[in-house]
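A closer look at the structure
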Amino acid sequence: ILNVEQSPQSLHVQEGDSTNFTCSFPSSNFYALHWYRWETAKSPEALFVMTLNGDEKKKGRISATLNTKEGYSYLYIKGSQPEDSATYLCAFQSADSWGKLQFGAGTQVVVTP
Amino acid sequence: DGGITQSPKYLFRKEGQNVTLSCEQNLNHDAMYWYRQDPGQGLRLIYYSQIVNDFQKGDIAEGYSVSREKKESFPLTVTSAQKNPTAFYLCASSTKDRGSGNQPQHFGDGTRLSIL
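Residues numbered from 1 in each chain as written. Chains lettered and ligands numbered in written order. Predicted model: local features only at pLDDT ≥ 70, side-chain atom pairs only at ≥ 80, totals over all residues. Heavy atoms only, no water.

**Overview of the overall build of chain B**
This is how it is decided: Runs of H or I in DSSP of at least four residues are treated as helices and runs of E of at least two as strands, each being numbered from the N terminus. To get the radius of gyration, use the C-alpha atoms; to get the globule rule, take the number of residues to the power 0.38 and multiply by 2.2 Å. Partly exposed residues are those whose accessible area sits between 20% and 50% of the maximum for their type, while under 20% is buried and over 50% is exposed, using a 1.4 Å probe and protein chains only. Whether two residues touch is decided by their heavy atoms; if any such pair falls within 4.5 Å, the residues are in contact. To be clear on the numbers: accessible area is Shrake-Rupley with a 1.4 Å probe, and residue cover counts the displayed protein chains and nothing else. Think of it this way: Lys and Arg go in the positive column, Asp and Glu in the negative one, and His and the chain ends go nowhere. The atoms used to mark charge sites are NZ of Lys, CZ of Arg, CG of Asp and CD of Glu.
Assigned secondary structure in chain B consists of zero helices and 11 strands. Listing the helices and strands of chain B from first to last along the sequence gives β-β-β-β-β-β-β-β-β-β-β. Since a compact globule built from 116 residues should have a radius of gyration of about 13 Å, the 14 Å found for chain B is in line with a globular shape. Split into buried and exposed, the 116 residues of chain B put 47% on the buried side. Residue pairs at least 24 apart in sequence account for 54% of intrachain contacts in chain B once pairs closer than 6 positions are excluded. When the accessible area of chain B is evaluated, it comes to approximately 5,600 Å², of which 45% is carbon and sulfur surface. Taken together, the 13 basic and 12 acidic charged side chains of chain B have centroids lying 5 Å from each other.

In structure tokens:
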């Protein structure tokens, strides 16, 4: 079982502040890195699927970067809003896994007004 | 609307009993997955299926069984051999086309299983 780590485990952010957190994954046999947002009482929702080293993706105020050589990805939230409160999951897909994802435990983000 | 439906939302199991969790999708996805979530841990893969009538064990398959008789359906049975079944179970699906990059997985709302 591959090791996918997310840090911090949780963080509290004031509304309007920006924040970021990390996903680390094996640097060998990389195929893709997925980010999901999981709001309470809802199902996880896909944010990004990243495949290229140096890739940067953006969706509204949320963006992500990818470094496959060193095995990490950052997710950024700019100008956090209460609706950004959720658990953010990253998942690593290796080249020989076909669609199978290894998930990190998630970073829980709480945005307070 | 297209999506994944899991039922029931809450399920209780008695000792020695098998229970089945339902997962249905109308997204026309070839691949389907079952995950288990325990507090403080990432989602762990129980079983997955790439195509009808075929499925493979994931990382924690012991005590579970699945079937894939129809493209739309991928039920999970938690057998009495699963000694610690209390958890939150998520079903997901994705397209199978790997050539176009990678497709995200789409998730249901989950089933919470508890022991009576």
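Still more ground to cover, so stick around.
**A few points about the interface of chain B and chain A**
Worth spelling out the cut-off: Buried area is calculated as the accessible area (1.4 Å probe) missing from two parts once they are joined, with the contributions of both summed. When a carboxyl oxygen of Asp or Glu lies within 4 Å of a side-chain nitrogen of Lys or Arg, that pair is called a salt bridge. Any N or O atom pair separated by 3.5 Å or less is treated as a polar contact, with the protein-specific requirement of one donor-capable and one acceptor-capable atom, and with residues adjacent in sequence counted only for side-chain atom pairs.
Opposite the 24 residues of chain B that make contact, chain A presents 25 residues. Together, the buried faces of chain B and chain A total about 2,000 Å²; carbon and sulfur atoms form 59% of this surface. Summed over the shared surface of chain B and chain A, the result is zero salt bridges. Here chain B is connected to chain A by three residue pairs in polar contact (both at pLDDT 80 or more).

**Points about the layout of surface pockets**
Note the cut-off: The method works on a 1 Å grid over the protein atoms by themselves. A cavity is a set of points holding a 1.4 Å probe that cannot get out, a pocket is an open set with protein on both sides within 12 Å along at least five of seven lines, and residues with an atom within 4 Å of a point line them. Grid points are joined across faces, edges and corners, and a volume is the space filled by probe spheres set on the points. For this classification, Asp, Glu, Lys and Arg are treated as charged, while Ala, Val, Leu, Ile, Met, Phe, Trp, Tyr, Cys and Pro are nonpolar and the rest, including Gly, are polar.
Here the largest pocket is characterised by a volume of approximately 730 Å³. In terms of lining, the largest pocket is formed by 29 residues, of which the most central are W38, T40 and T87 of chain A together with Q37 and R112 of chain B. When contributions to the lining of the largest pocket are tallied by element, the ones reaching two or more residues are β9 (86-94) and β11 (107-112) of chain A together with β9 (87-94) and β11 (111-115) of chain B. In terms of residue count, β11 of chain A provides more of the lining of the largest pocket than any other element does, three residues in total. Its residues placed into classes, the lining of the largest pocket shows 11 nonpolar, 12 polar and six charged.

**Side note on the confidence of the model for chain B**
For clarity, the threshold we go by: How sure the predictor is of each residue is captured by pLDDT, a score from 0 to 100.
Summing up the model confidence of chain B, the mean pLDDT is 92 and the portion of residues at 70 or higher is 94%. Across chain B, the element-wise mean pLDDT spans from 92 in strand β2 (residues 10-13) of chain B up to 98 in strand β7 (residues 64-66) of chain B.

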